[in-house]
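Here's the letter readout for the chains.
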Amino acid sequence: MAIRVAWDRTPVSIHGDKEHLQRLVEHLRNNHNFRKHSLIMPDRENDEEAVLFLYAACDPRWITEVI
């Protein structure tokens, strides 16, 4: 899965294609009960297809479990 996480932003943003971001959201919800995120939306600032934002602390290992 090709995603990019911008940990230096507030809120943290995750960039990639829509399908991979949807799988990541499902993984976070089902395995870690993480629900504080935005909807997946078009990425207008970067070359990636889509972006979502995390509104709570997230363990980076949770994201790497899906990659």
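What counts, and at which threshold
Residues numbered from 1 in each chain as written. Predicted model: local features only at pLDDT ≥ 70, side-chain atom pairs only at ≥ 80, totals over all residues. Heavy atoms only, no water. Phe/Tyr/Trp six-rings, centres within 6.5 Å; stacked < 30°, edge-to-face > 60°. Helix = DSSP H or I, 4+ residues; strand = E, 2+ residues; numbered from the N terminus. Buried < 20%, exposed > 50% of the residue type's maximum accessible area, 1.4 Å probe, protein only. pLDDT = per-residue confidence, 0-100. Pairing = 2+ DSSP bridges. Salt bridge = Lys/Arg side-chain N within 4 Å of Asp/Glu carboxyl O.

Caption draft 1: Main features of the packing of aromatic side chains. Summed over the entire model, instances satisfying the criterion amount to one aromatic pair. Relative to Trp 62, the ring of Phe 34 has its centre 6.4 Å away and its plane inclined at 70°; by these criteria the two rings are edge-to-face. In this pair, Phe 34 is assigned in the loop between helix 1 (18–32) and strand 3 (41–42) and Trp 62 in helix 2 (residues 60–64), connecting sequence segments 28 residues apart. On the basis of relative accessible area, Trp 62 is assigned to the partly exposed category, the value being 22%.

Caption draft 2: Just the confidence of the model for the chain, in detail. Taken as a whole, the chain shows an average pLDDT of 94; of its residues, 99% reach a score of 70 or greater. In the model of the chain, strand 1 (residues 3–6) stands out as the element of lowest mean pLDDT, 93, in contrast to strand 4 (residues 50–54), which has the highest, 97.

Caption draft 3: Fine view of the sheet that holds strand 2 (residues 12–16). Strand order in the open sheet made by the four strands is 1-2-4-3, with antiparallel pairing throughout. Looking at the sheet topology across the chains shown, the edges are occupied by strand 1 and strand 3. As paired elements, strand 1 and strand 2 share four bridges and run antiparallel to each other. Counted as the bridge partner of Val 5 is Ile 14 from strand 2.

Caption draft 4: Expanded view of the pattern of salt bridges. By the definition in use, this model includes four salt bridges. Here Arg 4 and Glu 48 are joined by a salt bridge, their closest N and O atoms 3.0 Å apart. Separated by 44 residues along the polypeptide, Arg 4 in strand 1 and Glu 48 in the loop between strand 3 and strand 4 bring together distant segments of the chain. Judged by relative accessible area, which is 34%, Arg 4 ranks as partly exposed. In this structure, Arg 61 and Asp 59 form a salt bridge, with 2.7 Å as the shortest nitrogen-oxygen distance. Arg 61 gets classed as exposed once you look at its relative accessible area, which sits at 58%.

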